[in-house]
Amino acid sequence: MMSSDRGESPAEVVLGFLEEAEPWRLLSPQFPSKVGGKPAWLSRRGLPSLPELECERCRLPMAFLLQVYAPISGQDRSFHRSLLLFCCKTPECYTLNDSSCMKVFRSQLPRRNEFYPYNPPPEEEPLSDPESDQRVLPISGVKLCWVCGCPGNKACSRCHTVTYCGKNHQMLHWKHTHKKECGSQEVSLVTTSPFLFPETELVTEPEEEEKVGKDEDTKKDEGEEEGSGTQTDVDCLSLAETLAETDLEEMAMCETEDIKVFQRFKKRIAPEPHQVVRYIRGGSPLWVSSQHIPSDQDIPQCTCGAKRTFEFQVMPQLLNSLHVDSTGASIDWGTVAVYTCSVSCNRDDQYFPEFIWKQDFSSDPHAQIKHS
């Protein structure tokens, strides 16, 4: 659990690590933080629509990447609160340095709700929950796609026992196992879909300040991070547009700044190299490059009118555990920063889209992080 309490003291950085867990611990009644598998939907109503769960570039269904359970202390409407992140599995969709191939949704519930008991479940006891077959959400009756675990009302026309989000995943299941199982009593409910990422629990611990080992230069660098970027950053971001008018000295300055930012990134994560998530609601991301850093104007306000603030980032180290490496193009990112409504406004059980900023590595240092 990654809880938030926006007080006067500086926000604490919480690190997320991967750990194997019993499958029952990763279901919705346990309010998990996890990577891969099928989504553990928090609210069982108001799930994202199928068009919302499509990649903006190739229009294919996105895969569930991870979710973070992040209730907000002292705010009843966010007593339960999860952020679910989805990504496209088409490598070519990652060639542009934008976030059109990824989406994030916020779901929150008060402590007293129709889906979960008022008191938390026992942490060490498996639950006999009908959600365990992951075909229909309890209470709401929402049908789920066998392949991806997202809403799916399209049933197999032959056996009517499994449903899909669309033709794409129906064909995938048919080729995988359903061609042999359809119409029999041995329809698999637990076989892992090849579409899913490997499922693991996301466990957390605070970042230890004594391990970080900040010196005065590092503190100064972090102060620069909290703004919209240094003047050199701005120059770098506009470099492509003004290349014809830029001399070699200015280009060298940009390259130097890029190396500086990347070295700071490596130094900060070195004490805990296996971290896959950094959570610091209201804080600042740890960028991997001086280029393509968002300004305040790049982060849209929530539709309620409140400002969106940084909440957590996904680290490149996670790619090592997703089994997405391939020759040529591959799913890739330098870091993925998630920004959410600063007041976590109420959405009446609806899954509400928040904002993602994907930053890529600018040069070869990428391989040093991803494959370290």
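Look above for the structure.
Here's a quick rundown of the structure. This structure is a prediction, so every number in the text was calculated from the model and none was measured.

Parameters at a glance
- Residues numbered from 1 in each chain as written.
- Predicted model: local features only at pLDDT ≥ 70, side-chain atom pairs only at ≥ 80, totals over all residues.
- Heavy atoms only, no water.
- Salt bridge = Lys/Arg side-chain N within 4 Å of Asp/Glu carboxyl O.
- Buried < 20%, exposed > 50% of the residue type's maximum accessible area, 1.4 Å probe, protein only.
- Helix = DSSP H or I, 4+ residues; strand = E, 2+ residues; numbered from the N terminus.
- Contact = heavy atoms within 4.5 Å.
- Polar contact = N/O pair within 3.5 Å; in protein donor to acceptor, adjacent residues only side chain to side chain.
- Core = buried A, V, L, I, M, F, W, Y, C linked by side-chain atoms within 4.5 Å.
- Pairing = 2+ DSSP bridges.
- Phe/Tyr/Trp six-rings, centres within 6.5 Å; stacked < 30°, edge-to-face > 60°.
- Lys NZ or Arg CZ within 6 Å of the ring centre and 35° of its normal.

1. Concerning the pattern of salt bridges
In step 1: Under the defined criterion, the tally for this structure stands at twelve salt bridges.
In step 2: For arginine 59, the salt bridge goes to glutamate 56, with nearest N and O atoms at 3.0 Å.
In step 3: According to the relative accessible area criterion, arginine 59 is partly exposed, its value standing at 43%.
In step 4: Overlapping salt bridges, with partners in common, bring together Glu54, Glu56, Arg59 and Lys103 in one network.

2. Some words on the environment of phenylalanine 355
In step 1: Mapped onto the secondary structure, phenylalanine 355 falls in strand β13 (residues 355-359).
In step 2: C-alpha of phenylalanine 355 to C-alpha of glutamine 301: the two residues are 54 residues apart in sequence and 9.3 Å apart in space.
In step 3: Once residues within four sequence positions are removed from consideration, phenylalanine 355 is found in contact with Val104, Asp298, Ile299, Pro300, Arg308, Ala337, Val338 and Tyr339.

3. Focus on the side chain of histidine 80
In step 1: Positionally, histidine 80 belongs in strand β4 (residues 80-87).
In step 2: Only 2.7 Å separates the side chain of histidine 80 from the side chain of tyrosine 69, close enough to count as a polar contact.
In step 3: With residues up to four places along the chain from it excluded, the contact list for histidine 80 reads Phe31, Leu42, Tyr69, Ser107, Gln108, Leu109, Pro110 and Asn113.

4. Quick word on the nonpolar core
In step 1: Leu65, Leu66, Leu85, Phe312 and Trp333 are the most contacted members of the largest nonpolar core, which totals 64 residues.
In step 2: Of the residues forming this core, the biggest block, six residues, is contributed by strand β3 (residues 63-69).
In step 3: When sequence neighbours within four positions are dropped, the list of residues in contact with leucine 65 reads Val35, Gly36, Leu85, Phe86, Cys87, Met102, Phe197, Leu318, Leu322 and Trp333.
In step 4: With 13 residues, the next largest nonpolar core counts Trp287, Phe310, Tyr339 and Trp357 among its residues.

5. Quick notes on the sheet that holds strand β9 (residues 277-279)
In step 1: If you trace the eleven strands from one edge of the open sheet to the other, you get β12-β5-β4-β3-β2-β8-β1-β9-β10-β11-β13, paired in antiparallel fashion. Since the sheet does not close on itself, it has two edges, and those belong to β12 (352-353) and β13, each with one partner.
In step 2: Sheet topology note: the strand β5 (residues 102-109)/β12 ladder contains two bridges and is antiparallel. Directly across from arginine 106, in β12, lies its bridge partner phenylalanine 352.

6. Things to note about the packing of aromatic side chains
In step 1: This model, assessed by the stated rule, comprises twelve aromatic pairs.
In step 2: Ring centres 6.0 Å apart and planes at 75° place the aromatic pair phenylalanine 262 and phenylalanine 361 in the edge-to-face group. Taken together, the positions of phenylalanine 262 in helix α5 (residues 248-269) and phenylalanine 361 in the loop between β13 and α6 (366-370) put the pair 99 residues apart, joining distant regions of the chain.
In step 3: Of the residues examined, phenylalanine 262 reaches a relative accessible area of 4% and is grouped as buried.
In step 4: Cation over ring: lysine 89 sits above phenylalanine 195, and NZ or CZ is 5.3 Å from the ring centre.
In step 5: Lying across the ring of tyrosine 118, arginine 111 places its NZ or CZ 3.9 Å from the centre.

Any functional reading would require information beyond the geometric quantities listed.
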